[in-house]
Amino acid sequence: MAVVEAGRRVLSNVIHSQVELHAGFGGVVPELAARDHLERLPHLLELALEGAAAKPADVDLIAVTRGPGLAGCLLVGTGVAEGLSAAWSADLTGVNHLWGHIYAALLARLDLEPPLLGLVVSGAHSDLVRMSEHGRFEVLGRTRDDAAGEAFDKAARMLGLGYPGGPALDRLARTGDPRRQRLPRPSLPGLEYSFSGLKTALLYRLRDLGGEPDEQTRADLAAAFEASVVESLLEKLEAALDGEPGDEVVVCGGVAANTLLRRRAAEVVGDRARLTMPPLDLCTDNAAMIAAAGFFGRQHSATVDPSLGWGA
Ligand code: KG4
Ligand code: ZN
């Protein structure tokens, strides 16, 4: 739950993490996730209003994610938003979750405006998009199979790191050497990604090593896996930049919290464009980015097709 003024100024951004709830299961349990949303939202709403020193009467637009996402969670969110909209006589607007990730960058840099080239890397998406204007997105490339975040989560599980995998793999990789256990770098023609082959390569490597690899080997494998994903992501970003030169590049989504990706993205983009990566708390899922996307989407009459993808 977040309160954002004029689509740009974050007055409050309250996040309740469900990590503890799902950790014991090794991944997100959709039914538990939806129930927990329902239980937590009223309190989070109080905190968000309090943090913003705002009253319901101050709120004139309610933005809510319509997709993509887990059906049960989306249902709870839209139900609560519809209720609030009716109770507070505030307008209601539906937002595409992926747009939200891009808008996180606009919250981070107040002078940032489209057109821009975006790399959106999350648990379910690895998309290269051109945002020509507010609410207008064109997908230039995406993954054929696993998303980058999903690949990190699965690799982390293979390395015995549990849930949530991405941040744990990030930490372990810092003590590893990516050259000691080299893994293939996925390379597809054009601007497409594929991470399932890399995942299988890690599986076979672990099998070939036999038994439980020692801590250093696990760290080396984590570093090699991370390097392959990051270099693959950036190779296509660079190719997209060559094909469509522009001034602004945004790298966002949960995986944009990755330490190596942040460092390498800055090196790869260099002075060819201006790179914006949201701060960590705006990279991973949050409500402020949805409020921003809702504000600009409505202002520019962008309608959301909840049938997933980038649907506009
Ligand atoms: O955008 P997000 O918070 O939720 C979705 O919309 O999916 O992204 C979550 C994904 C997860 O796969 C998580 O493991 C990954 O982002 N992630 C990371 C890091 N922090 C989050 N992956 C690599 N390194 C990180 N530091
Ligand atoms: Zn997300």
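Keep in mind it's a predicted model, so treat the numbers as computed, not measured. (Residues numbered from 1 in each chain as written. Chains lettered and ligands numbered in written order. Predicted model: local features only at pLDDT ≥ 70, side-chain atom pairs only at ≥ 80, totals over all residues. Heavy atoms only, no water.)

Visitor: Got a minute to help me understand the coordination of the zinc ion (ligand 2) in this structure?
Guide: Ideal donor angles around a metal are set by the shape: a four-donor tetrahedron calls for 109.5 degrees, a six-donor octahedron for 90 or 180 degrees. The protein atoms that coordinate the zinc ion (ligand 2) are His-97 (NE2), His-101 (NE2) and Asp-285 (OD), at distances spanning 2.0 to 2.1 Å. Between the donor residues of the zinc ion (ligand 2), the gaps in sequence give the motif H-x3-H-x183-D. Taken together, the residues span a long stretch of sequence, with His-101 in helix α4 (residues 97–108) and Asp-285 in the loop between α10 (280–283) and α11 (288–299) at a distance of 184 residues. Overall, His-101 belongs to the buried group, its relative accessible area being 0%. The class of Asp-285 is partly exposed, set by a relative accessible area of 48%. (Donors = N, O, S within 2.8 Å, 3.2 Å for Na, K, Ca; no water. Helix = DSSP H or I, 4+ residues; strand = E, 2+ residues; numbered from the N terminus. Buried < 20%, exposed > 50% of the residue type's maximum accessible area, 1.4 Å probe, protein only.)

Visitor: Just to check I follow, could you spell out the site of ligand 1 for this structure?
Guide: Residues in close proximity to ligand 1 total 17 residues, the closest being His-101, Gly-123, Asp-153, Asp-170 and Asp-285. A distance of 3.1 Å separates an oxygen atom of ligand 1 from a polar side-chain atom of His-97. At a separation of 3.0 Å, an oxygen atom of ligand 1 approaches a polar side-chain atom of Asp-285. Contact with the protein chains covers 85% of the free accessible surface of ligand 1, which is 550 Å². For the shell around ligand 1, the elements supplying multiple residues, two or more each, are α4, α5 (148–158) and α6 (165–173). Residues of the shell around ligand 1, tallied by class, amount to 5 nonpolar, 9 polar and 3 charged. (Near = heavy atom within 4 Å. Polar contact = N/O pair within 3.5 Å; in protein donor to acceptor, adjacent residues only side chain to side chain. Areas by Shrake-Rupley, 256 points an atom, 1.4 Å probe, with all protein chains shown as cover. Nonpolar A, V, L, I, M, F, W, Y, C, P; charged D, E, K, R; others polar.)

Visitor: It is not clear to me how helix α2 (residues 30–52) should be interpreted in this structure. Could you clarify?
Guide: Along an α-helix, a turn takes 3.6 residues, which lines up residues three or four apart on a common side. The terminal C-alpha atoms of α2, which comprises 23 residues, lie 30 Å apart, in line with the 33 Å expected from a rise of 1.5 Å per residue. Taking the largest bend as the criterion, α2 deviates by roughly 40°, centred on Arg-40, and proline Pro-42 comes between one and four positions later. Along α2, the residues that are buried comprise Ala-33, Ala-34, Asp-36, Leu-41, Leu-44, Leu-45, Ala-48, Leu-49 and Ala-52. Looking at the buried side of α2, the elements it contacts are β1 (2–5), β2 (9–13), α1 (19–23) and α3 (71–88). Following α2 by one or two positions, Ala-53 adopts a phi angle in the positive range, close to 50°. (Expected span 1.5 Å × (residues − 1). Bend = angle between axes of the 7 residues up to and from the residue. Contact = heavy atoms within 4.5 Å.)

Visitor: Would you mind going over the nonpolar core with me for this structure?
Guide: Where a protein is soluble and globular, its nonpolar side chains tend to be buried together. If you look at the biggest cluster of nonpolar residues, it comprises 46 residues, and the most contacted ones within it are Phe-225, Leu-233, Leu-237 and Leu-261. The set of elements that each furnish at least two residues to this core consists of β5 (116–121), α5, α6, α7 (196–209), α8 (215–243), β8 (248–252) and α9 (259–269). For this core, the element with the highest residue contribution is α8, accounting for 14 residues. Beyond its immediate stretch of four places on either side in the chain, Leu-237 contacts Leu-117, Leu-119, Leu-128, Tyr-193, Val-249, Val-251 and Val-269. Grouped together as the second largest cluster of nonpolar side chains are 29 residues, Leu-98, Ala-105, Cys-252 and Ala-293 included. (Core = buried A, V, L, I, M, F, W, Y, C linked by side-chain atoms within 4.5 Å.)

Visitor: Help me out: how do you make sense of the state of the cysteines in this one?
Guide: Any covalent bond linking the sulfur atoms of two cysteines counts as a disulfide. Evaluated as defined, the whole model comprises 0 disulfides. The structure places no disulfide on Cys-252, whose sulfur is separated from the nearest cysteine sulfur, that of Cys-283, by 7.4 Å. (Disulfide = S-S within 2.5 Å.)

Visitor: Just checking my understanding: could you explain α9 for this structure?
Guide: Within the sequence span of α9, burial applies to Leu-260, Leu-261, Ala-265, Val-268 and Val-269. Seen along its axis, α9 keeps its buried residues to an arc of 135°; they face one direction. Summarising the contacts, the buried residues of α9 are in contact with β5, α8, β8 and β9 (274–276). Residue Asn-258 occupies the N-cap position of α9, its side-chain oxygen lying 3.1 Å from the main-chain nitrogen of Leu-260. (Arc of directions from axis to C-beta.)

Visitor: Explanation requested: the packing of α8 against α9 in the structure shown.
Guide: A packed helix pair is summarised by two numbers, namely the angle formed by the two axes and the spacing between the axes. It is the contact of α8 with α9, at a shortest axis distance of 10 Å, that shows an interaxial angle of 30°. Here α9 runs roughly parallel to α8, going by the angle between their axes. Regarding α8 and α9, the two cross each other, and that crossing is right-handed. Packed against α8, whose contacting residues are Glu-226, Ala-227, Val-230, Glu-231, Leu-233, Leu-234, Leu-237 and Glu-238, the element α9 presents Leu-260, Leu-261, Arg-264, Ala-265, Val-268 and Val-269 at the interface. Here the residues of the contact of α8 with α9 sort into 10 nonpolar, no polar and 4 charged. (Axes fitted to C-alpha atoms, helices over the stretch in contact; angles between N-to-C directions. Parallel < 35°, antiparallel > 145°, perpendicular 65-115°, else oblique. Left-handed = near helix turned anticlockwise from the far one by under 90°.)

Keep in mind these values describe shape, not function.
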